[in-house]
Amino acid sequence: EVQLTFQQLPEHGKLLLGASNMEIDTEAAVSASLLQNGMIQYQHDNSETRNDSFVVIASFQDSKTSKPLRVDIKVNPVNDESPLSINIRTLHVWLAHEKTLTSSDLLYTDKDTIPGNVRFILQDDSTLGKFISRRAGTGDEIKEFSQQDINDNDVVFVGNNRTGKNELLYRVTDGVEAHRQLRVLRVRVRQLSMSAVPNTPVRVEAGGRAPLSTLIVNLSRVDGDSSFVNDVVFTVLQRNASLRYGHLEMTGQHVSQFSYLDLVESRVLYVQSGEDQWPPNDMLLVSANATPEVLGVPVVRVQVLISYPAENGSLLHANE
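Residues numbered from 1 in each chain as written. Predicted model: local features only at pLDDT ≥ 70, side-chain atom pairs only at ≥ 80, totals over all residues. Heavy atoms only, no water.

A.B. asks: Just checking my understanding: could you explain the environment of F145 for this structure?
C.D. replies: Within the fold, F145 resides in strand β15 (residues 144-146). Overall, the relative accessible area of 1% leaves F145 in the buried class. On a C-alpha basis, the gap between F145 and G116 in space is 8.9 Å, while along the polypeptide they are 29 residues apart. Every residue in contact with F145, bar those within four places of it in the chain, is listed here: L101, L106, V118, R119, F120, L122, I150 and V155. (Helix = DSSP H or I, 4+ residues; strand = E, 2+ residues; numbered from the N terminus. Buried < 20%, exposed > 50% of the residue type's maximum accessible area, 1.4 Å probe, protein only. Contact = heavy atoms within 4.5 Å.)

Below, the structure written as structure tokens:
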């Protein structure tokens, strides 16, 4: 009679013999007829594994032995795990801007469910904006999305030009198991603020003119974005002794307003009046204004250093 021995046992389960469910080990020799009659069973260990295998050898009267045969086992998963929260963080959004929801903001994992089947269902509306699908491209509000959508950067929060905080209730499910308790996704919409500080003074000879450059001021925004500077407009403030000994020109015309791009192109000139033989230093006071969503209009005091020729041909500054 043909006998079976098991050279390698399953890694994620065990082999059981007959009605007694006796566990088979590598030392046991089992009649092949038991296999034919369905008396050998595989029992999975209930781990989150989908494949297993064992190796069997057949022999006959201790004289003939087969080559080892690997038997592969495919395990059909049972959806009995609930989604587990990994990241639940406040979604920070700048006023009048969009914010992509990422796995750093909201992340759930499920051992027996793919991310596409882990779904979030919003239970209420936000008073500060809405979630949309970037992939859909319609701009319509969505109330349900998956973890895979988040992983693919497809879920976007679009604000409605209001600042404040929201606590949005949602339920997470894998299609079978669901959290009975509602969870909270916090959304905070803040207004951007900009700062402007003086940097390099303007240097000009008495009676001469000198271009203003971007070096006169350092601009920054709280979100770290630097592209906004191209939208900044400066307005000259006629107070506190601003421009007492000169004026600003562009293309031969007096100006009281100019843009950051004008500074980039060196189109703005400080023109010293030359009315005084020994002119003191001057000062330029400007406000820096950006797009409407930026909070505050910082004022910058730019120093103007005026030099004049000395008797030996060198240049002296007004304060020397």
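A.B. asks: Even after reading the chapter, I still don't get the sheet that holds strand β14 (residues 129-133), so can you show me in this structure?
C.D. replies: Consider a sheet: its strands pair through backbone hydrogen bonds, and that pairing is either parallel or antiparallel. Spatially, three strands are ordered β11-β16-β14 in an open sheet, and the strand pairing comes out antiparallel. Two strands close off the open sheet at either side, each with one partner strand: β11 (98-100) and β14. With strand direction ignored, the average angle separating the axes of adjacent strands in the sheet is 25°. (Pairing = 2+ DSSP bridges. Axes fitted to C-alpha atoms, helices over the stretch in contact; angles between N-to-C directions.)

A.B. asks: It is not clear to me how the environment of T100 should be interpreted in this structure. Could you clarify?
C.D. replies: With respect to the helices, strands and loops of the structure, T100 is situated in strand β11. Of the residues examined, T100 reaches a relative accessible area of 18% and is grouped as buried. When the C-alpha atoms of T100 and S133 are compared, they prove to be 9.9 Å apart, with 33 residues separating the residues in sequence. Residues contacting T100, with those up to four places away along its chain left out, are L91, D105, R134, N153, V155 and V156.

A.B. asks: Would you mind showing me how to read the nonpolar core here?
C.D. replies: Among soluble globular proteins, nonpolar side chains are generally buried collectively. Formed by 34 residues in total, the largest nonpolar core has its most connected members in L212, L219, F234, F258 and Y270. When contributions to this core are tallied by element, the ones reaching two or more residues are β19 (192-198), β20 (202-205), β22 (217-221), β23 (233-236), β24 (246-250), α3 (260-264), β28 (282-289) and β30 (299-309). If sequence neighbours within four positions are ignored, F258 has contacts with L212, V233, F234, V236, L248, M250, L263, V268 and V286. V93, L95, L128 and Y170 belong to the second largest nonpolar core, which has 22 residues in total. (Core = buried A, V, L, I, M, F, W, Y, C linked by side-chain atoms within 4.5 Å.)

A.B. asks: Explain the sheet that holds strand β29 (residues 294-295) here, please?
C.D. replies: The sheet built from three strands is open, its strands ordered β22-β19-β29 with mixed pairing. Across the chains shown, the open sheet's two edge strands, defined by having one partner strand only, are β22 and β29.

A.B. asks: For this particular structure, what's the right way to read the side chain of D174?
C.D. replies: Residue position: D174 is located in the loop between β17 (164-173) and β18 (183-190). Here D174 sits buried without a salt bridge, and the closest side chain of opposite charge, R50, lies 10 Å off (N-O distance). (Lys, Arg positive; Asp, Glu negative; His and termini not counted. Salt bridge = Lys/Arg side-chain N within 4 Å of Asp/Glu carboxyl O.)

A.B. asks: What is the right way to read the pairing of β14 from this model?
C.D. replies: Along β14, four of the five residues are buried, which leaves the element largely enclosed by surrounding structure. Bridging between β14 and strand β16 (residues 155-159) involves five bridges; their strand directions are antiparallel. Its bridge partner being in β16, G129 is matched across the sheet by G159.

A.B. asks: Explanation requested: the packing of aromatic side chains in the structure shown.
C.D. replies: Centre distance and the angle of the planes are the two values used to describe a pair of aromatic rings. Taken as a whole, this structure holds eight aromatic pairs when the rule is applied. Measuring from centroid to centroid gives 5.8 Å for F120 and F145, while their planes differ by 35°, and the two rings are tilted. With F120 in strand β13 (residues 119-122) and F145 in strand β15, this residue pair connects regions lying 25 residues apart in the sequence. Both rings, one in F234 and one in F258, keep their centres 5.3 Å apart while their planes meet at 25°; by these two values the pair is stacked. Pair noted here: F234 is in strand β23 and F258 is in strand β26 (residues 257-259), with a separation of 24 residues, a long-range link. Residue F234 shares its accessibility class with F258, and that shared class is buried. These aromatic residues form a ring-pair network of at least three members: Y108, F120, F131, F145, F157 and Y170. (Phe/Tyr/Trp six-rings, centres within 6.5 Å; stacked < 30°, edge-to-face > 60°.)

A.B. asks: In this structure, what is going on with the pattern of salt bridges? I would like to understand it.
C.D. replies: Oppositely charged side chains may form a pair once their charged atoms are brought near each other. According to the stated counting rule, one finds nine salt bridges in the structure shown. With a closest N to O distance of 2.8 Å, D72 and R70 form a salt bridge. Like R70, D72 is exposed. One salt bridge in this structure joins K143 and D125, with 2.5 Å as the shortest N-O distance. Of the two residues, K143 is situated in the loop between β14 and β15 and D125 in the loop between β13 and β14; the sequence distance between them amounts to 18 residues. Within this structure, R135, D149 and D154 form a network of salt bridges that share partners.

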